[in-house]
Amino acid sequence: MPEGHTLHRLARLHQRRFGRAPVAVSSPQGRFADSAVVDGRVLRRTSVWGKHLFHHYAGGPIVHVHLGLYGAFTEWPRAGAVLPEPVGQVRMRMVGAEYGADLRGPTVCEVIDEGRVSDVLAKLGPDPLRNDADPSWAWKRIAKSRRPVGALLMDQTVMAGVGNVYRSELLFRHGIDPFRPGRDVGEDEFYAAWTDLVALMKVGLRRGQIVVVRPEHDHGAPPYRPDRPRTYVYRRAGEACRVCGDAIRTTVLEGRNVFWCPSCQK
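Residues numbered from 1 in each chain as written. Predicted model: local features only at pLDDT ≥ 70, side-chain atom pairs only at ≥ 80, totals over all residues. Heavy atoms only, no water.

Identification of the chain as Endonuclease 8 1 from Mycobacterium parascrofulaceum ATCC BAA-614 is taken from an unreviewed UniProt entry. Of the chain, the UniProt comment under Sequence similarities (unreviewed entry) reads exactly: "Belongs to the FPG family." (UniProt positions renumbered as here; feature names shortened; annotations may be inferred.)

Have a look at this one:
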């Protein structure tokens, strides 16, 4: 599932490609019947909260997209009046003056209004990449919870936009065992981790890739693999910790794999 920085990058890209101009919106697959509601309207702006992407069109309608596990946008340059045939099950197609984009496999693709946007946002915690994020809201939830902090960080009602990579890497960088109850995390620990998370996600937003390994820990590391981010613990089960040399472990925590170093994260 894409992490939050990916959605923010998509929002910026769509604003550049399609913003402030009429957009032809259709559903080649036929499952997004409400595409006609926004077809031909001007895309005024895009916005993101966590893993939820919103396209705000002139006149009020808003396209709400949640990519889920399998959703993805594919962009293509428009060359002339003849458009390429849709490949696969394209839920939504956007066509602007110079570019087109096809959306496949999202969990959510629907037209909603501002009231329903508010309903969606009311269920989400603060997004570290938003200027209006209030970390104290997340801290209050974590400080009262007996659930493992590794689970709380993935709970979008506690903190929006954090996925498995940032969850595992953030806890490693701050020496926090993912199974420690939230109420046993110190306030200073939380705010230090939040500050770090904001910085890491801003790097991901800017560079389009997750960068979490400090330069001093990158020596003697395994070769770069394009199929996974360069990490301390994520998807490195059984490999040597970059810091202490102990074997990285993994197990399932509330339905998702979590990775940690038993020595660095006491």
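(A) Main features of the packing of aromatic side chains. Inspection of every chain in the model, using the stated rule, returns six aromatic pairs. With 5.4 Å between their ring centres and 75° between their planes, Tyr234 and Phe259 make a pair best called edge-to-face. Here Phe259 lies in strand 10 (residues 256-260) and Tyr234 lies in the loop between helix 7 (187-207) and strand 9 (249-253), a separation of 25 residues in the sequence. Across the pair, exposure class does not vary: Tyr234 and Phe259 are buried alike. Linked through ring pairs, Trp139, Phe190, Tyr191 and Trp194 together constitute an aromatic cluster. Taking NZ or CZ as reference, Arg17 lies 3.8 Å from the ring centre of Tyr99, over its face. (Phe/Tyr/Trp six-rings, centres within 6.5 Å; stacked < 30°, edge-to-face > 60°. Helix = DSSP H or I, 4+ residues; strand = E, 2+ residues; numbered from the N terminus. Buried < 20%, exposed > 50% of the residue type's maximum accessible area, 1.4 Å probe, protein only. Lys NZ or Arg CZ within 6 Å of the ring centre and 35° of its normal.)

(B) Broad picture of the layout of surface pockets. As a volume, the second largest pocket reaches approximately 260 Å³. Surrounding the second largest pocket, His8, Ala11, Arg12, Thr46, Ser47, Val48, Leu129, Arg130, Asn131, Asp132, Lys202 and Leu205 form its lining. In terms of residue class, the lining of the second largest pocket is built from four nonpolar, four polar and four charged. (1 Å grid on protein atoms, 1.4 Å probe; cavity = no way out; pocket = protein on both sides within 12 Å on 5 of 7 lines; lining within 4 Å. Points joined across faces, edges and corners; volume = space filled by probe spheres on them. Nonpolar A, V, L, I, M, F, W, Y, C, P; charged D, E, K, R; others polar.)

(C) Quick look at the side chain of His217. Structurally, the position occupied by His217 is in the loop between helix 7 and strand 9. Polar side-chain contacts of His217 include one of 2.7 Å to the side chain of Tyr232. Among all residues touching His217, those that are not within four sequence positions of it are Tyr232, Arg242 and Val243. (Polar contact = N/O pair within 3.5 Å; in protein donor to acceptor, adjacent residues only side chain to side chain. Contact = heavy atoms within 4.5 Å.)

(D) Examining the sheet that holds strand 6 (residues 90-95) more closely. Strand order across the open sheet formed by four strands is 1-6-7-5, with antiparallel pairing between neighbours. The open sheet is flanked by strand 1 (24-26) and strand 5 (72-77), the only strands paired with a single partner. On average, each strand axis in the sheet is tilted by 15° relative to the strand beside it, whichever way the strands run. Taken together, the five bridges between strand 6 and strand 7 (residues 99-104) define a ladder with antiparallel strand orientation. Counted as the bridge partner of Met92 is Leu103 from strand 7. (Pairing = 2+ DSSP bridges. Axes fitted to C-alpha atoms, helices over the stretch in contact; angles between N-to-C directions.)

(E) Structural detail: the packing of helix 6 (residues 164-173) against helix 7. Two elements in contact, helix 6 and helix 7, have axes whose closest approach is 10 Å; the angle formed by their N-to-C orientations is 130°. The angle between the axes of helix 6 and helix 7 places the two elements in the oblique class. Judged by the twist between their axes, the crossing of helix 6 over helix 7 is right-handed. When helix 6 is examined against helix 7, the residues Tyr166, Leu170 and Arg173 are found in contact with a partner set consisting of Ala193, Asp196, Leu197, Leu200, Met201 and Gly204. Residues that form the contact of helix 6 with helix 7 fall into these classes: six nonpolar, one polar and two charged. (Parallel < 35°, antiparallel > 145°, perpendicular 65-115°, else oblique. Left-handed = near helix turned anticlockwise from the far one by under 90°.)

(F) Examining the environment of Asn257 more closely. With respect to the helices and strands, Asn257 occurs in strand 10. According to the relative accessible area criterion, Asn257 is partly exposed, its value standing at 39%. Along the sequence, Asn257 and Asn164 sit 93 residues apart, while their C-alpha atoms lie 7.8 Å from each other. Those residues in contact with Asn257 that lie beyond four places of it in its chain are Asn164, Arg167, Thr250, Thr251 and Val252.

(G) Molecular detail of the nonpolar core. In terms of nonpolar packing, the biggest core is built from 35 residues, with Met159, Tyr166, Phe190 and Leu197 touching the most fellow members. Aside from chain neighbours lying at most four places away, what touches Phe190 is Pro135, Ala138, Trp139, Ile142, Met159 and Val185. By size, the runner-up hydrophobic cluster in this structure holds 22 residues, among which are Phe18, Val23, Val63 and Cys109. (Core = buried A, V, L, I, M, F, W, Y, C linked by side-chain atoms within 4.5 Å.)

(H) The arrangement of the state of the cysteines in detail. Summed over the entire model, instances satisfying the criterion amount to zero disulfides. Among the cysteines around Cys241, which has no disulfide bond, Cys261 carries the closest sulfur, lying 3.8 Å off. (Disulfide = S-S within 2.5 Å.)

(I) Spatial organisation of empty space enclosed by the protein. Evaluation of the coordinates by the stated rule reveals two cavities of 30 Å³ or more. Its boundaries defined by the atoms lining it, the largest cavity holds a volume of some 110 Å³. Mapped onto the lining of the largest cavity, the elements with two or more residues apiece are helix 6 and helix 7. Ranked by residues supplied to the lining of the largest cavity, first place goes to helix 7 with four residues.

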